[in-house]
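Tertiary structure, described
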Amino acid sequence: MIKIVFADFDGTLFSHRTHCMPQSTEEAIQALNRNGIKFCICTGRAKEDVEKFDHFSFRTDGMVASNGQIAFDADNRKVYDSPISGELKETLISLFEEKRVPICFSTENGFYINFVNDFVVQFEAAISSNPPQVMAYQGEKIYMAACFTETEEIKQEILDLSRIATVTSWKQDGYDVLAMGANKAIGIAELLKCYHIRPEEAMAVGDGENDVEMLQFCGIGVAMGNGTEETKACADYVTDDIDKDGFAKALQHFELI
């Protein structure tokens, strides 16, 4: 019996073709709320970055942010965090301060970037966002670094960090750098402990490369029809496209609503 649903945000709940959440998706989550099934967002975005989309009409029972590296319960209490440390942290700070590569740091209280160019502006517009605030690094805990790889040379430099980090793509030319072995499933596992729910009683829905581990970890893993082939290959079920009511159809298929 499924007691909780974890859903990615970009491309799963929120469509960047229409720059809104499909009405069917909002109604499906409202139905989960009425049916007593918990609902949590599990995203690569920082928590603050999701909260700017604050006009939704449903309740959430927590959030796993920064690709699983920080988790909050229904009362907005931090229940888990795993910041980047050691050699990787030092390397990222050096890259951030060199200002050759646009890098956005996710922290507990927000996110900021080392510099913004036209590529970053266009990239952020494609995901219905504005560029983060440009700021100097102040020593906060870093949970994730989002890197904008405008050239093949920069892309390879970021991919080479995989010797000391987990590097995952969330959009073409966009890469998230996390601590080695980090992924969304780790944050989900910690939140499940808070609710005394087993992984087999959870469903995960996603569309991107950074959703693979959570789809494999939860009892039911659902890939969106607009998802990557890698995501679809690891899923228990592939639903329709986000703009064809895919999220709602998945919940209906498993008789959750």
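Look up: the structure comes first, before these words.
Note that the coordinates shown come from a computational prediction; the quantities given were computed from them, not determined experimentally. (Residues numbered from 1 in each chain as written. Predicted model: local features only at pLDDT ≥ 70, side-chain atom pairs only at ≥ 80, totals over all residues. Heavy atoms only, no water.)

Next up on the list: the packing of helix 1 (residues 23–34) against helix 9 (residues 246–253). At a minimum axis distance of 7 Å, the contact between helix 1 and helix 9 shows a crossing angle of 35°. Contact with helix 1, carried on its side by Ser24, Thr25, Ala28, Ile29 and Leu32, involves Phe247, Ala248 and Leu251 of helix 9 and no other residues of that element. A per-class count over the contact of helix 1 with helix 9 returns six nonpolar, two polar and no charged. (Axes fitted to C-alpha atoms, helices over the stretch in contact; angles between N-to-C directions. Helix = DSSP H or I, 4+ residues; strand = E, 2+ residues; numbered from the N terminus. Contact = heavy atoms within 4.5 Å. Nonpolar A, V, L, I, M, F, W, Y, C, P; charged D, E, K, R; others polar.)

Bringing the side chain of threonine 168 into the picture now. Of note, threonine 168 is situated in strand 10 (residues 165–171). Since its relative accessible area comes to 8%, threonine 168 is described here as buried. A distance of 3.3 Å separates polar atoms of two side chains, one belonging to threonine 168 and the other to glutamate 209. Excluding residues that lie within four positions of it along the chain, threonine 168 makes contacts with Asn67, Gly174, Tyr175, Asp176, Glu209 and Asn210. (Buried < 20%, exposed > 50% of the residue type's maximum accessible area, 1.4 Å probe, protein only. Polar contact = N/O pair within 3.5 Å; in protein donor to acceptor, adjacent residues only side chain to side chain.)

What follows deals with the packing of aromatic side chains. Given two aromatic rings, one states the distance between the centres and the angle between the planes to describe the pair. Taken as a whole, this structure holds ten aromatic pairs when the rule is applied. Where phenylalanine 9 meets phenylalanine 14, the ring centres are 5.5 Å apart and the plane angle is 15°; that geometry is what we call stacked. Taken individually, phenylalanine 9 and phenylalanine 14 each receive the classification buried, so the pair is uniform in this respect. Geometrically, the ring pair formed by phenylalanine 105 and tyrosine 112 is edge-to-face, given 6.5 Å between the ring centres and 70° between the ring planes. Across this residue pair, the class does not change: phenylalanine 105 and tyrosine 112 are buried. Put simply, the rings of Phe96, Phe105, Tyr112 and Tyr137 pair up and form one aromatic cluster. Residue placement shows lysine 38 over the ring face of tyrosine 195; its charged tip is 4.6 Å from the ring centre. (Phe/Tyr/Trp six-rings, centres within 6.5 Å; stacked < 30°, edge-to-face > 60°. Lys NZ or Arg CZ within 6 Å of the ring centre and 35° of its normal.)

Moving on to the environment of alanine 31. The topology assignment puts alanine 31 in helix 1. Along the chain, alanine 31 and alanine 248 lie 217 residues apart, while their C-alpha atoms are 9.7 Å from each other.

With that settled, consider the sheet that holds strand 1 (residues 4–7). Across the sheet, which stays open at both edges, the eight strands sit in the order 5-4-3-2-1-12-13-14 with mixed pairing between neighbours. Each end of this open sheet is capped by a strand with a single partner; those strands are strand 5 (78–81) and strand 14 (237–238). As paired elements, strand 2 (residues 38–42) and strand 3 (residues 62–65) share two bridges and run parallel to each other. Across the sheet, the residue bridging to isoleucine 41 is methionine 63, located in strand 3. (Pairing = 2+ DSSP bridges.)

Before going further, it helps to examine unusual backbone geometry. Positive phi, normally seen in glycine, also occurs at serine 66, with a value near 50°. Checked against the element boundaries, serine 66 lands in the loop between strand 3 and strand 4 (70–73). For serine 66, a relative accessible area of 1% corresponds to the buried category. In the Ramachandran plot, asparagine 76 falls in the positive-phi region, its phi being about 70° despite a non-glycine side chain. Its place among the elements puts asparagine 76 in the loop between strand 4 and strand 5.

Turning to the sheet that holds strand 11 (residues 174–179), a few remarks are in order. Spatial strand order, 8-7-6-9-11-10: six strands in an open sheet with mixed pairing. Each edge of the open sheet is held by one strand with a lone partner, namely strand 8 (133–134) and strand 10. Where strand 7 (residues 110–113) lies against strand 8, two bridges are found, and the strand directions are parallel. Directly across from isoleucine 113, in strand 8, lies its bridge partner valine 134. The strands that helix 5 (residues 152–159) touches are strand 9 (144–148), strand 10 and strand 11; relative to strand 11, the one it contacts most, it runs at about 20°.

Looking now at the pairing of strand 6 (residues 103–107). In summary, the side chains of a regular strand alternate between the two faces of the sheet. Taken across its five residues, strand 6 has five buried, putting it largely inside the fold. Of the strand pairs in this sheet, strand 6 and strand 9 are connected by four bridges, and their pairing is antiparallel. When the bridges of strand 9 are listed, cysteine 104 appears paired with alanine 146. Where strand 6 meets strand 7, four bridges bridge the pair, whose relative direction is antiparallel. What sits directly across from phenylalanine 105, in strand 7, is tyrosine 112. The hairpin formed by strand 6 and strand 7 contains two residues between the paired strands.

For helix 6 (residues 184–195), which comprises twelve residues, the first-to-last C-alpha distance of 17 Å matches the rise-based estimate of 16 Å (1.5 Å per residue) to within 8%. Restricting attention to buried positions, one finds in helix 6 the residues Lys184, Ala185, Gly187, Ile188, Leu191, Leu192 and Tyr195. One face of helix 6 carries all of its buried residues, which in axial projection span an arc of 155°. Where helix 6 starts, the residue carrying a side-chain oxygen 2.9 Å from the main-chain nitrogen of alanine 185 turns out to be asparagine 183. Immediately beyond the C-terminal end of helix 6, within one or two residues, lies histidine 196, with a positive phi of roughly 55°. (Expected span 1.5 Å × (residues − 1). Arc of directions from axis to C-beta.)

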